[in-house]
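Descriptive analysis of the structure
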Amino acid sequence: MKSRYLLFVAVLLLSLSASRAQEVLHGVLPKPTDAQEKHEYQADPIGLVLRWLAKEAKINIVVSDSVKGNITMRLTDLSPLAAIKVVCASKQLILNEFDDVYYVMTPSERIDSLHYLDRDDLPAAIAKFKKRYYDALLKEGFTKDEALKIVASESLPLNELKIEK
């Protein structure tokens, strides 16, 4: 009787570990960034909390210097990334993802970045940049056609254009 019970327990344990192994093989188990956790902070700086959560989530984050203030929160059963989204929503912060990096900024910074492309002096700055780029390519030995194709196909590094605010 005791040996039947031990055999039953052994078979049960083996079947549980086999099903767990199948879950791992088929990707059913949560990734580290999806882990559900408890997040509790009391009067901690928002930027610091966002960086801690990003470290737990194993994601890249850039928090603007304009993001200020403290946060007190207690969240359970949320992944670190979900907690970041809650923090941003609760403080009316903008969270954008671009090229595997999350950017956190204030609404006014977001509006300023959107209006950056509407500036009157931007077309002149783009023209000057493209002309210098074209001339540099010619100087490096590219033909006029090659230089023109390169300049026309390349996207502009808008953050490097010298435009006064």
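Our subject is the structure listed above.
The structure reproduced in this document is the subject of the present report. Everything numeric here is computed off the predicted structure, so don't read it as measured data. (Residues numbered from 1 in each chain as written. Predicted model: local features only at pLDDT ≥ 70, side-chain atom pairs only at ≥ 80, totals over all residues. Heavy atoms only, no water.)

1. Points about the side chain of S64
This is how it is decided: A run of DSSP states H or I qualifies as a helix once it reaches four residues; a run of E qualifies as a strand once it reaches two. Both are numbered from the N-terminal end. Each residue gets one of three labels from its accessible area relative to the maximum for its type: buried under 20%, exposed over 50%, partly exposed in between, using a 1.4 Å probe on protein chains only. As used in this structure description, the phrase polar contact means that two N or O atoms lie within 3.5 Å; if the pair is within protein, one of them must be able to donate a hydrogen and the other to accept it, and residues adjacent in sequence are counted only when both atoms belong to side chains. Note on contacts: a residue pair is in contact if any heavy atoms of the two residues lie within 4.5 Å.
Along the polypeptide, S64 turns up in the loop between β2 (60–63) and β3 (70–78). Residue S64 is classed as buried on the basis of its relative accessible area of 15%. Within the structure, the side chain of S64 is placed 3.0 Å from the backbone nitrogen of S66, a separation counted as a polar contact. Sequence-distant contacts of S64, that is, excluding residues within four places in its chain, are made with V104, M105 and E109.

2. Thoughts on the pattern of salt bridges
Note the threshold: For this document, the term salt bridge refers to a Lys or Arg side-chain nitrogen within 4 Å of an Asp or Glu carboxyl oxygen.
One pass over the full model with this rule turns up three salt bridges. Note that E40 and K38 form a salt bridge whose closest N and O atoms lie 3.8 Å from each other. You can call E40 partly exposed: its relative accessible area is 47%. A salt bridge links E40 to R74; the nearest nitrogen and oxygen atoms lie 3.6 Å apart. Here E40 is found in strand β1 (residues 37–45), whereas its partner R74 is found in strand β3, with 34 residues between them in sequence.

3. A closer look at the nonpolar core
Under the convention used in this document: Think of a nonpolar core as a cluster: buried Ala, Val, Leu, Ile, Met, Phe, Trp, Tyr and Cys residues, connected wherever their side-chain atoms sit within 4.5 Å.
Judged by nonpolar contacts, the single largest core of 20 residues is most densely connected at L50, L53, I61, M73 and V104. Listed by contribution, the elements that provide at least two residues to this core are α2 (46–57), β2, β3, α3 (80–90) and β5 (101–105). In contact with L53, not counting residues within four places along its chain, are H39, Y41, M73, P80, A83, I84 and V87.

4. Considerations on the packing of aromatic side chains
Condition: To pair, rings of Phe, Tyr and Trp, with the six-membered ring standing in for Trp, must have centres within 6.5 Å; the planes then decide the type, stacked if under 30 degrees apart, edge-to-face if over 60, and tilted in the middle.
Evaluated as defined, the whole model comprises two aromatic pairs. With a centroid separation of 5.6 Å and an interplanar angle of 20°, the aromatic rings of Y41 and W52 are classed as stacked. Here W52 lies in helix α2 and Y41 lies in strand β1, a separation of 11 residues in the sequence. For Y41, a relative accessible area of 10% corresponds to the buried category. On the accessibility criterion, W52 (37% relative accessible area) is partly exposed.

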